[in-house]
Amino acid sequence: MSERSVSKRAEQKRWYTVQAPEQFDREVLGKTPADEPDKVLGRTIETTLGELTNDASENNTKLTFKINEVASDSAYTEFIRHELTRDYLRSLVRRGSSKVEAYVTVLTTDDYRVQVQPVAVTTKKADASQEKAIRRTMIDLVRETAEDRTFEQLIDSVVEGRLSSAIYGEAKDIYPLRRVEIKKTTLEARPEEVAAEEETAVDVDEEDVDVEA
């Protein structure tokens, strides 16, 4: 390909301003180039909560967004992941303490399936029964939180620290805790995907039913 062809293709590319979802105040995440709008769809953008809020203390929280709509020169996104940095998580654990983790998959009131990964760090070494009780508390509270919240409300509760604070308040009575955090939150399926999976499951069940003459 000649240099002129490469230059011409570069000139034909258009820059799209990528915006965070409305719950993050449509903050500008950056710009991305493409020669066709459809090529922008599906691209992911990673930033930190600190960059969105101009608060350096929040730079240990990573947020990932996916472009799902393009209009004019703007590219709009949806939230797909929240994750704490490895360095920050390592800094929470002290010698002689216990780290208790859980993996909880929940369905919000508007039918988004989300996996939430809470983690609790104790002040000293906890025994197996105490760790089990702390894990059970984390799982129960994550499920209860999702049961009466929309996807947006659940993500707000995670990002703003309300869910981790609620877990801390309950679990500290089991064993003294140093910290509770939501290590990672991931969008697993949107409502239409959940509905399609349920429909497929129903179809399979109906095929398994024996019809007697």
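See above for the structure.
Here the structure is a predicted model, which is why all the values come from computation and not from measurement.

### Quick notes on the overall build of the protein chain
The helix and strand tally for the protein chain stands at seven helices and nine strands. Across the 213 residues of the protein chain, 40% fall into the buried class. Contacts in the protein chain between residues at least 24 apart in sequence constitute 58% of all its contacts with a sequence separation of at least 6. Working note: accessible area of the protein chain is about 12800 Å², and carbon and sulfur atoms make up 43% of it.

### Considerations on the pattern of salt bridges
Under the counting rule described, the total for this entry stands at 13 salt bridges. Note that K183 is salt-bridged to E101, the shortest N-O span being 2.9 Å. A residue pair is termed long-range when its members are at least 10 positions apart, and K183 in strand β9 (residues 177-189) and E101 in strand β6 (residues 99-101) qualify at 82 residues. R113 serves as the salt-bridge partner of E197, at 2.7 Å between the closest nitrogen and oxygen.

### Side note on unusual backbone geometry
The phi angle at D25 is positive, at roughly 60°, despite the residue not being glycine. Note on placement: D25 falls in the loop between β1 (14-19) and β2 (28-34). What makes D25 exposed here is its relative accessible area of 60%. At S72, a position not held by glycine, the phi torsion is positive, near 60°. Mapped onto the fold, S72 is located in the loop between β4 (61-71) and β5 (74-84).

### Some thoughts on the nonpolar core
Grouped together as the largest cluster of nonpolar side chains are 43 residues, with contacts concentrated most on F24, L63, V106, I134 and I167. Here the element with the most residues in this core is helix α4 (residues 128-147); it accounts for six residues. Three or more residues apiece are contributed to this core by two domains, here domain 1 (14-83) and domain 2 (86-192). Counting six residues, the second-largest nonpolar core is a separate cluster that includes L84, Y88, L92 and V119.

### What about the pairing of strand β8 (residues 113-122)?
Side-chain direction in a regular strand flips from residue to residue, so the side chains alternate between the two faces of the sheet. The element β8 is extensively covered by neighbouring structure, given that nine of its 10 residues are classed as buried. Bridging between β6 and β8 involves three bridges; their strand directions are antiparallel. Bridge assignment links V100 to a residue of β8, and that residue is A120. Taken together, the four bridges between strand β7 (residues 104-107) and β8 define a ladder with antiparallel strand orientation. Bridge pairing in β8 links V106 to V114.

Scoring rules and cut-offs
- Residues numbered from 1 in each chain as written.
- Predicted model: local features only at pLDDT ≥ 70, side-chain atom pairs only at ≥ 80, totals over all residues.
- Heavy atoms only, no water.
- Helix = DSSP H or I, 4+ residues; strand = E, 2+ residues; numbered from the N terminus.
- Buried < 20%, exposed > 50% of the residue type's maximum accessible area, 1.4 Å probe, protein only.
- Contact = heavy atoms within 4.5 Å.
- Areas by Shrake-Rupley, 256 points an atom, 1.4 Å probe, with all protein chains shown as cover.
- Salt bridge = Lys/Arg side-chain N within 4 Å of Asp/Glu carboxyl O.
- Core = buried A, V, L, I, M, F, W, Y, C linked by side-chain atoms within 4.5 Å.
- Domains from an automatic or database assignment.
- Pairing = 2+ DSSP bridges.

Note that all results are geometric; they support no functional claim without further evidence.
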